[in-house]
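A look at the structure
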Amino acid sequence: MRIQIQGQCEPEFSEIEECFSNLFAEHSSLGASLAIYHEGQPVVSLWGGFSDSTGSSMWDESTLSVIFSCTKGLMSILTAMLVEKG
C-alpha cells in the first residue's frame, strides 16, 4: 500500500519531499510530519501515514506527536553560541 503524502513543498526542496515519501515505502505503518522554514518562511509542510498503531486513523496536518531527545542537539548549539558571544 502506497501512503499518500499531503501538504506543500517548494519546488527547490522537492528532494526532501521525495526522501520523506520514501520513508513510507519501507515502513508503511509509520506516521510522521515534517516542517522546514528557510529564512523565516515555510518551505516544507508534509505529513502522511497513520496516527495509531492499528492503521485505522490517518495522520493529518494537526496530529500531535511526542518527541524525545530532539532538543538536545539544538540546545547544545545554542549554548555554544551563547558561550562564544560571552
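Our structure is the block above this text.
First, a word on scope: everything that follows refers to the structure included in this document. (Residues numbered from 1 in each chain as written. Predicted model: local features only at pLDDT ≥ 70, side-chain atom pairs only at ≥ 80, totals over all residues. Heavy atoms only, no water.)

Things to note about the overall build of the chain
As a reminder of what qualifies: Secondary structure elements follow DSSP: runs of H or I of four or more residues count as helices, runs of E of two or more count as strands, with numbering from the N terminus. What the globule rule says is 2.2 Å times the number of residues to the power 0.38, and the radius of gyration is computed from C-alpha atoms. We call a residue buried when its accessible area falls under 20% of the maximum for its residue type, exposed when it is over 50%, and partly exposed in between, using a 1.4 Å probe and counting protein chains only. Should any heavy atoms of two residues lie within 4.5 Å, those residues are counted as being in contact. What sets the accessible areas is the Shrake-Rupley method with a 1.4 Å probe; for residues, cover comes only from the shown protein chains.
Each helix and strand counted, the chain has 2 helices and 3 strands in total. Starting at the N terminus and ending at the C terminus, the chain contains elements arranged as β-α-β-β-α. Whereas a compact globule of 86 residues would reach a radius of gyration of roughly 12 Å, the chain reaches 16 Å, over 25% beyond that. The buried share among the 86 residues of the chain stands at 17%. Nonlocal contacts in the chain, meaning residues at least 24 apart in sequence, comprise 42% of its contacts between residues at least 6 apart. Looking at the chain as shown, the accessible area adds up to about 6,800 Å², and 56% of this sits on carbon and sulfur atoms.

Thoughts on the nonpolar core
Put simply, the rule reads: Nonpolar core, defined: a set of buried Ala, Val, Leu, Ile, Met, Phe, Trp, Tyr and Cys residues in which side-chain atoms within 4.5 Å join the residues together.
Ranked by size, the top nonpolar core spans 10 residues in total: Ile-3, Ile-5, Cys-9, Phe-13, Phe-20, Phe-24, Val-43, Val-44, Leu-46 and Phe-50. Among the secondary structure elements, those contributing two or more residues to this core are α1 (14–26) and β3 (41–49). Excluding residues within four positions of it along the chain, Val-44 makes contact with Gln-8, Cys-9, Phe-13, Ile-16, Leu-34, Ala-35 and Ile-36.

What to know about the pairing of β3
What counts is decided by this rule: By the convention used here, strands pair only if DSSP detects at least 2 bridges between them.
For strand β1 (residues 6–9) and β3, the ladder comprises 4 bridges, and the chain directions are antiparallel. Bridging from a neighbouring strand, Gly-7 pairs with Leu-46 of β3. Between strand β2 (residues 31–38) and β3, which pair antiparallel one after the other, the connecting turn spans 2 residues, and Glu-39 there sits at a positive phi close to 55°.

Description of α1
As a reminder of what qualifies: Take the residue count of a helix, subtract one, and multiply by 1.5 Å to get its expected span.
With 13 residues, α1 extends 19 Å between its outermost C-alpha atoms, agreeing within 8% with the 18 Å of an ideal straight helix rising 1.5 Å per residue. The inward-facing, buried residues of α1 contact β2 and β3.

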